[in-house]
Amino acid sequence: TAFCICFLGVCGGEFSVLRSPQSVVFRDGSWPIPGERIPDVAALTMGFSVEEDLPWPGLGVGDLFHRPQATVLVTVKGVDKLPVKGFSYPIENAVPFSLDSVANAIHTLFSEEMPVVLQLAPSEERVYMVGKANAVFEDLSVTLRQLRNRLFQDSSILTSLPLNSLSRNNEVDLLFLSELQVLHDIASLLSRHKHLAKDHSPDLYSLELSGLEEVGKRYGEDSQQFKDASQILVDSLQKFADEMFNLYGGNAVVEVVAVKEFNSPLSRKTRSLLQASQVTENPYNLAYPYNYDYSVIFNIVLWMMIGLALAVIVISYNLWNMDPGYDSIIYRMTNQKIRMD
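The name an unreviewed UniProt entry gives the protein chain is Renin receptor, with Dicaeum eximium as the organism.

Listed below in structure tokens is the structure:
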């Protein structure tokens, strides 16, 4: 299971690394990172190839033989930056992005194992799960009705979270708090199924949180409610990151991106709730997607065939030109038979 936790926010914005193992190297500096290349950072930290080289000094080479065990990307909308601990880098060209390419790579390479691939946007009721690990997260609250009901259960975060100026009776406040409840429930479910964090397949968690943005629209960004919500969010993200980092045995990269708003809307295909992995027919007879291992396999097969062909030619040549009188048992036996006759 390869792990990397990414918390993304939208506002200008800022990309922060909260936690990372020794096998992944992030350098301290203020190098800006293009918003559209954030998925490539997640892919490279997990050991996957990308189509274009990433000339970003913030990410070092690291240990190629020990990759992290999961990636969690949390997109937080409505704030320029979050005062989280760790390395921080400015974001240039904050365009919408997704980790679909990373999810597809995981599902293609590890379909026979149990990778966790969870992409969730609670406020939009959008969820995508794929793979055999779906059953673990089937009880996760994903619709607004489920989230509201979950908040008023005995084990919800409302029993321990200081609300300060936030209210239990306001729908905007409840939306914000329900997203924090999702973070808590993901870590709780994973803690009860620790085998998912100890297998050899990489895991991916992509979460989009827009509750803070709605709080800012409702009360204003200078309001006490927005300030309290921001602090509660930072504390919750840090706690969630620490829990996930520990569940994966310290082999996790934890990242945060904060962005006020995206420069353009993100268009993506909608997926059915708790969509299962299915193999669909190809009605247009299109070629399979390019596999980056193709060149390696091609070279292995090519040079093996060339070697075998050369061996056959050399052996055939030597057999054809072999001297039958040179220490040959066949020649000696034939010669004795002739003299006896």
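Having put the structure on the table, let's press on.
(A) Quick peek at the packing of aromatic side chains. Following the criterion strictly, the structure yields 5 aromatic pairs and no others. With 6.3 Å between their ring centres and 75° between their planes, Phe 15 and Trp 56 make a pair best called edge-to-face. Of the two residues, Phe 15 sits in strand β1 (residues 3–19) while Trp 56 sits in the loop between α1 (38–45) and β3 (70–77), which places them 41 residues apart along the sequence. With relative accessibility at 5%, the residue Trp 56 sits in the buried group.

(B) Examining the pattern of salt bridges more closely. A complete count under the given rule lists 8 salt bridges for this structure. A salt bridge links Arg 19 to Asp 242, with the shortest nitrogen-to-oxygen separation between them at 2.7 Å. Linking Arg 19 in strand β1 with Asp 242 in helix α6 (residues 224–247), this pair joins segments that are 223 residues apart in sequence. Classification of Arg 19 by relative accessible area gives partly exposed; the value is 26%. Across the salt bridge formed by Arg 37 and Asp 40, the nearest N and O atoms sit 2.4 Å from each other. Of the residues examined, Arg 37 reaches a relative accessible area of 12% and is grouped as buried. The exposure class of Asp 40 is buried, given its relative accessible area of 19%.

(C) Up close: the confidence of the model for the protein chain. Per-residue pLDDT for the protein chain has a mean of 82; in total, 82% of the residues score no lower than 70. Below pLDDT 50 for its whole length, residues 6–11 participates in 51 contacts with residues either more than four positions away or in separate chains. Taken together, the stretch residues 267–285 has pLDDT below 50 and engages in 24 contacts with residues farther than four places along the chain or on a different chain.

(D) Seen up close, the nonpolar core. Judged by nonpolar contacts, the single largest core of 57 residues is most densely connected at Leu 82, Phe 137, Phe 176, Ile 186, Tyr 205 and Met 244. Ranked by size, the runner-up nonpolar core spans 32 residues in total, among them Phe 26, Val 41, Phe 48 and Ile 91.

Rules and cut-offs
Residues numbered from 1 in each chain as written. Predicted model: local features only at pLDDT ≥ 70, side-chain atom pairs only at ≥ 80, totals over all residues. Heavy atoms only, no water. Phe/Tyr/Trp six-rings, centres within 6.5 Å; stacked < 30°, edge-to-face > 60°. Helix = DSSP H or I, 4+ residues; strand = E, 2+ residues; numbered from the N terminus. Buried < 20%, exposed > 50% of the residue type's maximum accessible area, 1.4 Å probe, protein only. Salt bridge = Lys/Arg side-chain N within 4 Å of Asp/Glu carboxyl O. pLDDT = per-residue confidence, 0-100. Contact = heavy atoms within 4.5 Å. Core = buried A, V, L, I, M, F, W, Y, C linked by side-chain atoms within 4.5 Å.

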